[in-house]
Protein chains: 2
Amino acid sequence: MADTGWTSCATSLKGVILDMCGVLYDSGEGDGVAIPGSVEAVRRLKASDLKLRFCTNETQAVREKFVAKLQRLGFDICISEVFSPAPAAVAVLRERGLRPHLLVYDALMPEFDGVDKSNPNCVVIGDAAEKFSYANMNEAFRVLIGLEKPTLFSLGKGKYYKETDGLKLDVGVYMKALEYACDVEAEVIGKPSATFFLSVLNDMALQPHEVMMIGDDLVNDVGGAQQVGMKGVQVRTGKYRPSDQQHPTVTADGTADHLAQAVDMILSRRGKP
Amino acid sequence: MADTGWTSCATSLKGVILDMCGVLYDSGEGDGVAIPGSVEAVRRLKASDLKLRFCTNETQAVREKFVAKLQRLGFDICISEVFSPAPAAVAVLRERGLRPHLLVYDALMPEFDGVDKSNPNCVVIGDAAEKFSYANMNEAFRVLIGLEKPTLFSLGKGKYYKETDGLKLDVGVYMKALEYACDVEAEVIGKPSATFFLSVLNDMALQPHEVMMIGDDLVNDVGGAQQVGMKGVQVRTGKYRPSDQQHPTVTADGTADHLAQAVDMILSRRGKP
């Protein structure tokens, strides 16, 4: 049974931001699989008068690669519409003259090609998956603990995500591990950081109240968006769990079974399906 | 320069508890190495009228194995004098009818031989070192997240320890990771848990104020001991770092360069060297 109360804001919307993994597709072996109806839902949003952006904490590949993957899955999407943490991190490192030790997925490394990584004075971690070995965690830890003022950047702070073969631990879990080891608080780059959402709104040239975020992650998508004044809607795909509805601090403005249903409800309400 | 103020309590002492790794020896390849003077310091304590126990969060081997290692390094020590988390955990599991999924060092597994591990309804983690792979962490996570009420036991909550080739992440770091992933608080078995220290005092048949703990870990050895009313002295060996002296919550009752110096100061003060 769809709850439709939240669609009352649909008429005043000017833009939508979509999370990617768990909303457009489920990741896994190869390209993963498109979530039924999502390809068509993106097509309908693009055909509407709403501005559309994609906002992901995807850090397992450079943007070129994962946009190409989405295209192979049938999505009409291009690189300039996609916001992800690695390019934002590179900007921060440059701004502050920092040289990172990187613990990220191999396929993400090219995003940091132009960055000086000699004699590191900070650590950047992303979702490194299998690379989160004990040896690699120790190496990152030793860099941090050897610094006068340990500086740790985390590309997102997600707890886990869903692949086709089950739930997998995300970067936030390893961020907490290093935070505890070194008595530091990581600087999060990516969702749910306000800076990150504001950079997307800036690119859309819209105000927060004019934009809705749709995601499967209650804290990072919905909570992060709400924190800057956007509406946040959760879909019951990807990492959604029924217990999200009793979350102690974040309540979604609305929920839908999947992206196709959410888009259908928004566009119907606007009367321009 | 030794600070000697803390030795004023030495005359009323009736017992001493020693941490092992970082106080008696530094672990590493093979048996590791005895810290200079420690073998003799233990011999002197045993020859005194003080009761002596050893209290460790060592979980990389069954007690039989690591006591044998200490004996090979020259220490006069026997199994019944040593308190470690695994046997305490087995007692808790039995008491509460819990069946653990174990993420512990292979060599520790025999401690859990008699415990039903089928269809697990809790997770026990110890210092698993290289076994803290992404795959193993995911496995433990999936067991926890699949339980109605996730129950996580951690054999200690140390941040890191020192081996001969450098600092290494300890179990507490991975405990924090799983706590964050599953929104649970782990039950710590071992130092600095009050239950654990009290079980040692009980075995000594002494009151807390009659006993001094000597360790290299400010929070787990010194802080844990102080919390139950014992004195806590830190030695500047093992994982000691100068920044410990500015720790926000724990202040050692005293410090010494190494165990040999601490023991010398205590026994001299008592006038029975």
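Identification of chain A as Phospholysine phosphohistidine inorganic pyrophosphate phosphatase from Hippocampus comes is taken from an unreviewed UniProt entry. In its Function (unreviewed entry) section, UniProt records this for chain A: "Phosphatase that hydrolyzes imidodiphosphate, 3-phosphohistidine and 6-phospholysine. Has broad substrate specificity and can also hydrolyze inorganic diphosphate, but with lower efficiency." Chain A has a UniProt comment under Sequence similarities (unreviewed entry) that states "Belongs to the HAD-like hydrolase superfamily."

Draft legend 1. Quick look at the sheet that holds strand β11 (residues 187–189) of chain A. All names here are of chain A. One open sheet accounts for 4 strands, arranged β6-β7-β8-β11; its pairing is parallel. Of all strands in the sheet, those with a lone pairing partner are β6 (100–103) and β11, marking the two edges. Ignoring which end each strand starts from, the neighbouring axes of this sheet average 25° apart. By the bridge criterion, 3 bridges tie strand β8 (residues 152–155) to β11 in an arrangement that is parallel. Its bridge partner being in β11, Ser154 is matched across the sheet by Val188. Set on the sheet, helix α3 (residues 85–95) makes contact with β6, β7 (122–125), β8 and β11; between it and β8 the angle comes to about 155°. Sheet strands touched by helix α5 (residues 171–182): β7, β8 and β11. Its angle to β8, the strand with the most contacts, is close to 165°.

Draft legend 2. Region of the structure containing the nonpolar core. One finds Ile125(A), Met137(A), Tyr174(A), Ile125(B), Met137(B) and Tyr174(B) to be the most contacted residues of the largest nonpolar core, which totals 56 residues. Only β7, α4 (134–145), β9 (160–163) and α5 of chain A together with β7 (122–125), α4 (134–145), β9 (160–163) and α5 (171–182) of chain B provide two or more residues apiece to this core. Excluding anything up to four places from it in sequence, Met137(B) contacts Leu169(A), Tyr174(A), Leu103(B), Phe132(B), Tyr174(B), Ala177(B) and Leu178(B). Residues Ala10(B), Phe75(B), Ile77(B) and Ala262(B) belong to the second largest nonpolar core, which totals 36 residues.

Draft legend 3. Geometry of the domain arrangement of chain A. All names here are of chain A. You can read the domains of chain A as domain 1 (5–84 + 191–270) and domain 2 (85–189). With 23 residues of domain 1 at the contact, the number on the domain 2 side is 22 residues. Between domain 1 and domain 2, roughly 1,900 Å² of surface is buried when both sides are summed, and carbon and sulfur atoms account for 54% of that area. Taken together, the connections running from domain 1 to domain 2 amount to 0 salt bridges. There are 8 residue pairs in polar contact (both at pLDDT 80 or more) connecting domain 1 and domain 2. When the residues that make up the side of domain 1 that touches domain 2 are grouped by side-chain class, the tally is 6 nonpolar, 10 polar and 7 charged.

Draft legend 4. Representation of the environment of Leu45(A). All names here are of chain A. Checked against the element boundaries, Leu45 lands in helix α1 (residues 38–47). Taking the C-alpha atoms as reference points, Leu45 and Leu147, 102 residues apart in sequence, are found 48 Å from one another. Those residues in contact with Leu45, other than ones at most four positions away along the chain, are Val16, Leu18, Leu50, Leu52 and Val263.

Draft legend 5. Geometry of the sheet that holds strand β1 (residues 15–18) of chain B. All names here are of chain B. The 6 strands lie next to each other as β5-β4-β1-β12-β13-β14, forming an open sheet whose pairing is parallel. One side of each edge strand has no neighbouring strand; the edge strands of this open sheet are β5 (82–83) and β14 (254–256). In terms of strand pairing, strand β13 (residues 231–235) meets β14 through 3 bridges, oriented parallel. Counted as the bridge partner of Val233 is Gly254 from β14. In the packing of helix α6 (residues 194–204) onto the sheet, the strands contacted are β1, β4 (51–55), β5 and β12 (211–215), and the crossing angle to β4 comes to about 150°.

Draft legend 6. Expanded view of the pairing of strand β6 (residues 100–103) of chain B. All names here are of chain B. By the alternation rule, side chains of β6 split into Pro100 and Leu102 and His101 and Leu103, which are all buried. Pairing of β6 with β7, which is carried by 4 bridges, proceeds in the parallel orientation. The residue bridging Leu102 from the neighbouring strand is Val124, located in β7.

Draft legend 7. Summary view of the side chain of Asn138(A). Here Asn138(A) lies in helix α4. Residue classification places Asn138(A) among the buried residues on the basis of a relative accessible area of 5%. Residues within four places of Asn138(A) in sequence aside, it is in contact with Leu167(B), Lys168(B) and Leu169(B).

Draft legend 8. Molecular detail of the relation of the copies chain B and chain A. Aligned on chain A, chain B shows an RMSD of 0.0 Å; the corresponding rotation is 180° and the shift along the axis is 0.0 Å. Here the copies are linked by what is in effect a two-fold axis. Comparing interface residues between copies, 100% of those in chain B also lie at the interface in chain A; the contact surface is shared.

Draft legend 9. How the structure looks around the packing of aromatic side chains. Enumeration over the complete set of coordinates arrives at 8 aromatic pairs over all chains. Ring centres of Tyr160(A) and Phe141(B) lie 5.2 Å apart, and the angle between their planes is 40°; on these two criteria the pair is classed as tilted. Remark: Phe141(B) occurs in helix α4 and Tyr160(A) occurs in strand β9; the pair is interchain, linking two chains. Residue classification places Tyr160(A) among the buried residues on the basis of a relative accessible area of 10%. Here Tyr174(A) and Tyr134(B) contribute two aromatic rings whose centre-to-centre distance is 6.4 Å and whose plane-to-plane angle is 40°, an arrangement assigned as tilted. You can see Tyr174(A) sitting in helix α5 and its partner Tyr134(B) sitting in helix α4, one on each of two chains. For the residue pair Tyr174(A) and Tyr134(B), the accessibility class agrees, reading buried in each case. Feature note: the residues Phe132(A), Tyr174(A) and Tyr134(B) constitute an aromatic cluster, connected by ring pairs. Over the ring of Tyr180(B) we find Lys159(A); its NZ or CZ atom is 4.7 Å from the centre of that ring.

Thresholds applied
Residues numbered from 1 in each chain as written. Chains lettered and ligands numbered in written order. Predicted model: local features only at pLDDT ≥ 70, side-chain atom pairs only at ≥ 80, totals over all residues. Heavy atoms only, no water. UniProt positions renumbered as here; feature names shortened; annotations may be inferred. Pairing = 2+ DSSP bridges. Helix = DSSP H or I, 4+ residues; strand = E, 2+ residues; numbered from the N terminus. Axes fitted to C-alpha atoms, helices over the stretch in contact; angles between N-to-C directions. Contact = heavy atoms within 4.5 Å. Core = buried A, V, L, I, M, F, W, Y, C linked by side-chain atoms within 4.5 Å. Buried < 20%, exposed > 50% of the residue type's maximum accessible area, 1.4 Å probe, protein only. Domains from an automatic or database assignment. Buried area = accessible area lost by both parts, 1.4 Å probe. Salt bridge = Lys/Arg side-chain N within 4 Å of Asp/Glu carboxyl O. Polar contact = N/O pair within 3.5 Å; in protein donor to acceptor, adjacent residues only side chain to side chain. Nonpolar A, V, L, I, M, F, W, Y, C, P; charged D, E, K, R; others polar. Least-squares fit on C-alpha atoms with pLDDT ≥ 70 in both. Phe/Tyr/Trp six-rings, centres within 6.5 Å; stacked < 30°, edge-to-face > 60°. Lys NZ or Arg CZ within 6 Å of the ring centre and 35° of its normal.

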